[in-house]
Amino acid sequence: MQLRSVFLPISATSRRDVVERVAQLLVGLFLYGVALGLMVRAGIGVAPWDVLALGVSGQTGIGYGVVTVLVSVLVLLLWIPLRQRVGLGTLLNALLVGPSADLALVVIPVPASIWVGAPMFVAGLLLLAFATGLYIAADFGPGPRDGLMTGLVGRTGWPVWLVRTLIEGSVLLVGSLLGGPVGVGTVLFAFGVGPLIGWFLPWTTRIRAARSHQLARATAR
């Protein structure tokens with residue numbers, strides 16, 4: 001199999017466009033990791049994939065960030081039979097989010113009470129939705145988990161909601177059996193992340209598209 005059939009091509013209006021979009025991707029992924037750190041530190045439950053990561057971390061003694069990277073790599077291996085194409089954003093997502101989350105956990109203190117932890121979780125959820133909009137709008141390919149979902153949808157013909165529910169439900173079940181933290185934050189994430197990303201993503205996409213168009217016009221002069 002040729003490499004160009006495995007990797008997504010990078011299209012851009014100019015070299016400056018590529019540089020700006022890569023910077024946007026890196027900022028988005030860093031903020032995504034910080035958002036995960038906020039939600040983990042809040043102590044009121046986490047997203048299904050983080051329930052799994054923290055459950056594995058608790059059972060093995062491996063750090064949360066390292067487990068997050070390892071899970072991403074394993075998910076990417078599942079892309080192979082699905083014939084999903086890998087983008088720069090896919091690889092950087094798998095490698096950078098975990099270390100960014102670990103860095104955030106070093107800096108962010110444990111909240112003194114749930115009255116501090118709950119707002120911390122909400123702040124993390126808002127930041128995660130914004131960060132998701134940033135890195136997706138950079139247009140360098142989906143993250144490992146999103147690519148798994150779209151690949152399964154393409155292969156099975158099942159609706160997106162069913163595939164997403166089966167993936168998230170399975171991950172949540174395994175993570176909870178391993179001792180991962182399930183709580184009210186898990187419910188807040190399940191019902192809140194979709195609408196929040198739905199608000200942030202069109203906004204970040206419009207801004208990025210307008211900037212790329214501006215750079216294209218400047219290059220054409």
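Conventions we followed
Residues numbered from 1 in each chain as written. Predicted model: local features only at pLDDT ≥ 70, side-chain atom pairs only at ≥ 80, totals over all residues. Heavy atoms only, no water. Axes fitted to C-alpha atoms, helices over the stretch in contact; angles between N-to-C directions. Helix = DSSP H or I, 4+ residues; strand = E, 2+ residues; numbered from the N terminus. Parallel < 35°, antiparallel > 145°, perpendicular 65-115°, else oblique. Left-handed = near helix turned anticlockwise from the far one by under 90°. Contact = heavy atoms within 4.5 Å. Nonpolar A, V, L, I, M, F, W, Y, C, P; charged D, E, K, R; others polar. Buried < 20%, exposed > 50% of the residue type's maximum accessible area, 1.4 Å probe, protein only.

Colleague: Any chance you could explain the packing of helix H3 (residues 48-60) against helix H4 (residues 64-82) here in plain terms?
Modeller: When two helices pack together, you describe them by how their axes are tilted relative to each other and by the distance separating the axes. Closest axis-to-axis distance for the H3/H4 pair is 9 Å, and the angle between their directions is 120 degrees. Comparing the axis directions of H3 and H4 gives the class oblique. In this structure, H3 crosses over H4, and the sense of that crossing is right-handed. Two secondary-structure elements touch here, H3 through Trp 49, Asp 50, Ala 53, Leu 54, Val 56 and Ser 57 and H4 through Tyr 64, Val 67, Thr 68, Val 71 and Val 75. Among the residues making up the contact of H3 with H4, the classes are represented as 8 nonpolar, 2 polar and 1 charged.

Colleague: Explain the packing of helix H2 (residues 15-42) against helix H5 (residues 88-107) here, please?
Modeller: Closest axis-to-axis distance for the H2/H5 pair is 7 Å, and the angle between their directions is 40 degrees. As the angle between them shows, H2 and H5 are arranged oblique. Here H2 runs over H5; the crossing is right-handed. Residues Val 22, Leu 25, Leu 26, Leu 29, Phe 30, Tyr 32, Gly 33, Val 34, Leu 36, Gly 37, Val 40 and Arg 41 of H2 pack against Leu 88, Gly 89, Leu 92, Asn 93, Leu 96, Val 97, Ser 100, Ala 101, Leu 103, Ala 104, Leu 105 and Val 106 of H5. In the contact of H2 with H5, the residues fall into 18 nonpolar, 5 polar and 1 charged.

Colleague: I keep staring at the environment of Ile 108 and nothing clicks. Help me out?
Modeller: Its place among the elements puts Ile 108 in the loop between H5 and helix H6 (114-137). For Ile 108, a relative accessible area of 14% corresponds to the buried category. Once the C-alpha coordinates of Ile 108 and Leu 38 are considered, the two residues, 70 residues apart in sequence, prove to be 7.2 Å apart. Dropping the residues within four chain positions of it, Ile 108 is found in contact with Val 34, Gly 37, Leu 38, Arg 41 and Met 120.

Note that every value here comes from positions in space, so none of it alone points to a role or purpose.
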